[in-house]
Amino acid sequence: MEEFKRVILQSGPPESFALQAVQEVIKPQKQTKLAQDENQLLENMLRTLLQELVSSAVQSGEEIMQYGKSIDDGENTQGVIPHLLDIVLYLCEKEHVEGGMIFQLLEDLTEMSTMRNCKDIFRYIESKQDILGKQELFARGKLVMLRTCNQLLRRLSKANDVVFCGRILMFLAHFFPLSERSAVNIKGIFNTSNETKYEKDPPEGISVDFNFYKTFWSLQEYFCNPASLTLAPVKWQKFTSSLTVVLNTFEAQPLSDEDGHANILEEEAATFNIKYLTSSNLMGLELKDPSFRRHILVQCLIVFDYLKAPGKNDKDSSETMKEEIKSSEDRVKKLLEMTPPNGKEFLRSIEHMLEREKNWVWWKRDGCPPFEKQPIEKKTVQDGVKKRRPRWRMGNKELSQLWKWADQNPNALTDPQRVRTPAITDYWKPLAEDMDEAAGIEAEYHHKNNRVYCWKGLRYSARQDLEGFSRFTEHGIEGVVPFELLPPEVRSKFQGKPNDRTKRAKKEDTKSASNQVEENQIATPASENDAEGIRAEVETSAAPMDTDALAVSGNISQGEAGTPTPDEQKHSSDTDVGQEAGQLEADAEVDAGVIDGETDAEVEIDAAG
């Protein structure tokens, strides 16, 4: 044993020598994993060694978890027993030894230690919770760990060791999964042994109503076992009458904010007791305590929540009972909301916890199905088998999904919201805002430089606003924007040019009216046929600006006839300011020329030929 003690308790990290030390002492058949009899031999040696170390620590008067630690080593080193536990935990984690060995040593260590040392031992267990909770270790040692914690709870005092009991329960809640049935009260059995004792006879010199005192504390009998309320109607009537008296007293003696601030709940943690103080002399002070009232009112909500649970008490509950529960519950919630400090926030927290409790109850009634779901295994492609490339019906994945979606929804093709063409004023509004100089839009972010936006806008204008579409050839994309969207200073820029062009076209038609009659007489039949297309264009050129094809036909005439000279532009201006009679005469001559089949553009085409 001395040789084993020397080998196993070497200094340094366990991974550097643990396996080699076990191989030297046990000499196993396999190099990395012990057989069953070898595991049993090693476990017996470790338990014996642990017992010797604990005995030596007790004789020396040192703490068990601090035994063997030198003062010169500093705070980073640990005692001999924690070092031994780390070595065994490493061997169990790497599956060199049986996984339940570490749990057995921890159980032996707690049984050999006092409650003062058990706190240090349990602190070590909490620090190794992640490693102990691994699946390969948990499956082997969960029952041993549960037995160890239950033994500690039995040894502890529920009144004096409340914090340590809470640490053990919190550890079990984290260590075991939520679906573990061993921690669930499946049958819903109440702890009826938890009785609240109070005075049955009035003492001398009492300053409070003793009948109210007995009525108040008699509620604890029903809170201890809520199931008894549904067994006999007499008990339910007695409970409701007693509860009504208590609630009436609470409502008649409301607490002020000063009472709430004088009893801060955080400061009461140091004097918290697990049982109520039921002395009649304290009744007056307890009624002024906000935390005491909250405890009683929360107990009422828990009982009501149990009685309202569906499925269990449906046969025993009558309509009258349900109405009484509802009215009493509303009164209790109102009192909780009025109780300082932070009554509304406290009530919301209690309601949230009770709602979660309902889910817990339903889960237990369904047989505690596991919460954990196993991951879906991915199918691996066999070696040598080529993966077939998917073939899509419409050529690619996106079009195939779109076709399938429409096929499964027949109304999709007729849905008015399926394809919505925006109104032309809504579509060009961003560009109109960019054209305002006051906006200060940089050229990089200007909508006119967005090709997709301009292309889609031209398509919309061609369908909805042909007049605006015709202005594209002369003014570009900015000319297509409806005038009502443009600022006044920008609107005048695009309204002036088309009027000048129309007047210029009228001047040219007036000048060539005399020549059209002569050319019409000598025109060949083929020229007459060719002039039919140009004839329509000249009509639209001479027409007012509100016709849809004005810009297109005018561009054709201007491109074929050439750009007017400065003299012609000057003459055009003189003609524009002429009298109305001259304009009417020129219009009549143009109409006559069109009827005869000759146009000014046709004469110019012949001259060019």
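Preceding this section is the structure that the text describes.
So, how was this worked out
- Residues numbered from 1 in each chain as written.
- Predicted model: local features only at pLDDT ≥ 70, side-chain atom pairs only at ≥ 80, totals over all residues.
- Heavy atoms only, no water.
- Helix = DSSP H or I, 4+ residues; strand = E, 2+ residues; numbered from the N terminus.
- Buried < 20%, exposed > 50% of the residue type's maximum accessible area, 1.4 Å probe, protein only.
- Lys, Arg positive; Asp, Glu negative; His and termini not counted.
- Salt bridge = Lys/Arg side-chain N within 4 Å of Asp/Glu carboxyl O.
- Contact = heavy atoms within 4.5 Å.
- Core = buried A, V, L, I, M, F, W, Y, C linked by side-chain atoms within 4.5 Å.
- Axes fitted to C-alpha atoms, helices over the stretch in contact; angles between N-to-C directions.
- Left-handed = near helix turned anticlockwise from the far one by under 90°.
- Expected span 1.5 Å × (residues − 1).
- Parallel < 35°, antiparallel > 145°, perpendicular 65-115°, else oblique.
- Nonpolar A, V, L, I, M, F, W, Y, C, P; charged D, E, K, R; others polar.
- 1 Å grid on protein atoms, 1.4 Å probe; cavity = no way out; pocket = protein on both sides within 12 Å on 5 of 7 lines; lining within 4 Å.
- Points joined across faces, edges and corners; volume = space filled by probe spheres on them.
- Phe/Tyr/Trp six-rings, centres within 6.5 Å; stacked < 30°, edge-to-face > 60°.
- Lys NZ or Arg CZ within 6 Å of the ring centre and 35° of its normal.

Some thoughts on the side chain of Asp434
For Asp434, the position within the fold is in helix H19 (residues 429–435). One buried charged residue, Asp434, remains without a salt bridge, the closest side chain of opposite sign being Lys448 at 9.4 Å. In this structure, Asp434 is in contact with Ile441, Tyr445, His446 and His447, ignoring residues within four places of it in sequence.

Description of the nonpolar core
Core analysis: the biggest nonpolar cluster contains 53 residues, and Ile81, Ile102, Leu109, Leu132 and Met145 have the highest contact counts within it. Sorting the residues of this core by element identifies helix H2 (18–26), helix H3 (36–60), helix H4 (80–93), helix H5 (101–111), helix H6 (115–127), helix H8 (135–155) and helix H9 (162–175) as the ones contributing at least two each. No other element matches the 9 residues that H4 contributes to this core. When sequence neighbours within four positions are dropped, the list of residues in contact with Leu132 reads Leu89, Ile102, Phe103, Leu106, Ile125, Leu137, Phe138, Met145 and Phe175. Membership of the second largest hydrophobic core comes to 36 residues, among which are Leu287, Leu297, Val332 and Leu336.

Re the packing of helix H10 (residues 210–224) against helix H14 (residues 290–307)
Where H10 meets H14, the closest approach of the two axes is 11 Å, and the angle between their N-to-C directions is 40 degrees. At the point where H10 passes H14, the crossing takes the left-handed sense. Residue-level contacts link Phe216, Trp217, Gln220 and Phe223 of H10 to Phe292, Ile296, Gln299, Cys300 and Val303 of H14.

Notes on the pattern of salt bridges
Taken as a whole, this structure holds 17 salt bridges when the rule is applied. Salt-bridge contacts for Glu251 lead to Arg331; the nearest nitrogen and oxygen are separated by 3.1 Å. Note that Glu251 is positioned in helix H11 (residues 233–252) and Arg331 in helix H15 (residues 319–338), a separation of 80 residues in sequence. What makes Glu251 partly exposed here is its relative accessible area of 38%. A salt bridge links Glu351 to Lys333; the shortest N-O distance between them is 3.6 Å. Of this pair, Glu351 sits in helix H16 (residues 343–365) while Lys333 sits in helix H15, and the two are 18 residues apart along the sequence.

Overview of H11
Helix length check: H11 (20 residues) gives 29 Å between terminal C-alpha atoms against 28 Å at 1.5 Å per residue, within 8%. All buried positions along H11 are accounted for by Trp236, Phe239, Thr240, Ser242, Leu243, Val246, Leu247, Thr249 and Phe250. In the core, the buried residues of H11 are packed alongside H10, helix H13 (283–287), H14 and H15.

So, the environment of Gly476
You can see Gly476 is positioned in the loop between helix H22 (472–475) and helix H23 (488–511). Gly476 sits 28 residues away from Lys448 along the chain, and the two C-alpha atoms are 9.5 Å apart.

Concerning the packing of H5 against H8
Closest axis-to-axis distance for the H5/H8 pair is 9 Å, and the angle between their directions is 10 degrees. Relative to H8, H5 is oriented roughly parallel. For the pair H5 and H8, contact is made by Phe103, Gln104, Leu106, Glu107, Thr110 and Glu111 and by Leu137, Gly141, Val144, Met145, Arg147, Thr148, Gln151, Leu152 and Arg155, respectively. Class assignment for the residues of the contact of H5 with H8 results in 6 nonpolar, 5 polar and 4 charged.

Describing empty space enclosed by the protein
In the structure shown here, the tally under the stated rule is 3 cavities of 30 Å³ or more. Each pocket or cavity is described by its volume, and for the second largest cavity that value is around 80 Å³. Every residue along the wall of the second largest cavity is listed here: Phe250, Glu251, Pro254, Leu255, Arg293, Leu297, Leu335, Met338 and Thr339. Mapped by element, the contributors of at least two residues to the lining of the second largest cavity are H11, H14 and H15.

Things to note about the packing of aromatic side chains
Scanning the entire structure with this criterion turns up 22 aromatic pairs. Taking 4.7 Å as the distance between ring centres and 15 degrees as the angle between the ring planes, the aromatic pair formed by Tyr427 and Tyr453 counts as stacked. In this pair, Tyr427 sits in helix H18 (residues 424–427) while Tyr453 sits in helix H20 (residues 451–464), placing the two residues 26 residues apart along the sequence. Neither residue differs from the other here; Tyr427 and Tyr453 are each classed as buried. Aromatic rings pair up to connect Phe122, Phe138, Phe164, Phe171, Phe175 and Phe176 into one cluster. The side chain of Arg294 reaches across the aromatic face of Phe346, ending 4.3 Å from its centre. Against the face of Phe483 rests Arg471, its NZ or CZ located 4.2 Å from the ring centre.

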